[in-house]
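# Commentary on secondary and tertiary structure
The residues making up each chain are set out below.
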Amino acid sequence: MMQGHRSDQELVRREALQKLRDLGIDPYPGEAYPVTTTAQAIRDGYDAESNPMQDVTLAGRLMSVRVMGKASFAEIQDSTGRMQIYVNRDEICPGEDKSLYNEVFKKLLDIGDFIGVRGHVFLTQTGEITVHVVSLKLLAKSLHPLPIVKVDAEGHAHDAFKDPELRYRQRYVDLVVNPEVKDAFVKRTRMVQVMREFMSSRGYLEVETPILQPLYGGALAKPFKTHHNTLDMTLFLRIANELYLKRLIVGGFDGVFEFAKNFRNEGMSRFHNPEFTVMELYVAYKDCFWMMDFYEEMIEKVAIELHGSAQVQVGDKVIDFKRPWKRYTMFEAIREYTGVDITGMDEEQLRQVARDLHVEVDPTMGKGKLIDEIFGTHAEPKLIQPTFITDYPVEMSPLAKKHREHEGLVERFEVICNAKEIANAFTELNDPIDQRERFEEQLALGKRGDTESMVVDEDFLRSLEYGMPPTAGIGVGIDRLAMIMTNSASIQDVIFFPQMRPEKKIVAE
RNA sequence: GAUCUCGUAGCUCAGCUGGUUAGAGCAUUUGACUUUUAAUCAAAGGGUCAUGGGUUCGAGUCCCAUCGAGAUCACCA
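Source: prediction; values computed, not measured.

## Quick notes on unusual backbone geometry
Cis peptide bonds are those with omega within 30 degrees of zero, and the linkage from Arg-323 to Pro-324 qualifies with -10 degrees. Note that Pro-324 resides in the loop between strand E15 (317-320) and strand E16 (326-329). Its identity as a non-glycine residue notwithstanding, Tyr-285 has a phi of 65 degrees, on the positive side. Structurally, Tyr-285 can be placed in the loop between strand E13 (275-284) and helix H9 (288-307).

The structure is reproduced here in structure tokens:
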């Protein structure tokens, strides 16, 4: 890629394309090809006695060719995997004209081409299930060489397509040549399906809410900004869908959820893509303690559906999603991992504890932030097994209801797994007066220069003034959860087309 | 945003302390071969060594800058 000229191999393939046309063969035929089976179905079903498979038709991409004079072996790959085919000159060319074999098959077909074959299944002398081809058709010519991975007798891989940049930019190639990539995405989709079924079966409604929003809210983050021409107004790409889903609870739904693409104009890393997916769920007449049980059950089910067991291998660790998970208050977690009990401490005492524990502090940090920093530095990295952390400082949670027992805290939990947050939930704040005060505190932060503070959403406040029932809400980072469930080290491995810098130049046609 | 590492043929990589026409495997091209399997055998082509400067008699190799990538860290999911 990114070359200013075509490589010899590309030129050779374009010449082959023209020669095919000269022979009267359409390299891109339009008519349907009557596929009757797949590589997987043949592998699973073939039996010389009971199921001899005398007539099969399958299609796929040519992945390897071994020519031996008048006979050849090749492999084609369809969506289910690879199948070896055997091609004999005098069988695909029964008459005098041997050009289909000598010219087309041997010279003009390349690795990467889509072909269709019809024939019967047999076992080779070495015992491999193979399709003995009686007719063969080119279905689509490939003009770009495909980097097929080959492993030699010593186990050395040749041609591995492993440059991360190329893999992400050209995901279509990655998917063709690295089968495990496909697995991860299939698992991700399955994960979403399990969650959707779990929530739908309880009667919660899947909904869609605006991505283009006049005000961004529901999270602390920097937004993307855009402009609507007809309305001549600024719109923001959503950073969260929380405030819209709560409006729907106000409107009378008992439970609503959405798998939402969110957009945040922040840094990129192996844990952050500018657009990412969050599932948010709001359920009326529940609280965050109910939500803990709900989430635990749902995720245990996801793990079992994907892996056949609640235990999931992630890197060199085994993560066990079997219920019940450990539950700590934030203070308990800090005590557990630092030995310090910070209960009842004031800001100065906390600052001193933070310094003693080598946590970076700066003078702008308030009580809540200091607690969060201590937790983030000393407890979170050690939480590998799924763990609920409850009782967050009120300053960090402007949309959560104040704790029913403890001053200065809110009813909130996060789930930490493999040292990362995989869920964040509250008993939702439904007191419109309190909510307005929290927004105003955020406004004050914004005026002090905090670029990630929330803006006041008057329409949302109005909805709360009409009355919202007590409600539990949760947000689940789908990409992060998918990383764990697919044992992926990088978010780019669970997003088909992760954001990349623009490519410098692509060959112009 | 900060630090570190990397950028050599289509792909994966080697090129030691700077020194003659830049190497390997796979892929490609030509030829041989009717059950092979990284098929094999014989021959051939292919690289302005990321880009731009500099040091030097001489740079893929040293220095600087730029671009791109990866890793670690900070903030957010």
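## Some details on the sheet that holds strand E9 (residues 212-213)
Strand order in this open sheet of 3 strands is E9-E11-E10, and the pairing throughout is antiparallel. Edge strands, defined here as strands with exactly one partner in the open sheet, are E9 and strand E10 (225-228). When E9 meets strand E11 (residues 233-237), the two strands line up antiparallel, connected through 2 bridges. Opposite Leu-212, over in E11, you have Leu-237 as the bridge partner.

## Structural notes on helix H7 (residues 179-200)
Along its 22 residues, H7 runs 32 Å from first to last C-alpha, staying within 8% of the 32 Å computed at 1.5 Å per residue. Buried within H7 we find Val-181, Ala-184, Phe-185, Arg-188, Met-191, Val-192, Val-194, Met-195, Phe-198 and Met-199.

## Some points on the protein's contact with RNA strand B
Taken together, 46 residues sit near RNA strand B, with Gln-84, Thr-126, His-158, His-272 and Arg-480 positioned nearest. For RNA strand B, the fraction of atoms within 4 Å of the protein that belong to sugar or phosphate moieties is 51%. At 2.8 Å, a side-chain N or O of Glu-128 approaches a base nitrogen of RNA strand B. Contact between RNA strand B and Asn-273: a base nitrogen at 3.0 Å from a main-chain N or O atom of the residue. Among the elements of the structure, helix H1 (8-22), strand E1 (56-68), strand E2 (71-78), strand E3 (81-88), strand E6 (150-151) and helix H5 (164-169) are those that each provide at least two residues to the surface near RNA strand B.

Cut-offs used in this document
Residues numbered from 1 in each chain as written. Chains lettered and ligands numbered in written order. Predicted model: local features only at pLDDT ≥ 70, side-chain atom pairs only at ≥ 80, totals over all residues. Heavy atoms only, no water. Helix = DSSP H or I, 4+ residues; strand = E, 2+ residues; numbered from the N terminus. Pairing = 2+ DSSP bridges. Expected span 1.5 Å × (residues − 1). Buried < 20%, exposed > 50% of the residue type's maximum accessible area, 1.4 Å probe, protein only. Near = heavy atom within 4 Å. Polar contact = N/O pair within 3.5 Å; in protein donor to acceptor, adjacent residues only side chain to side chain.

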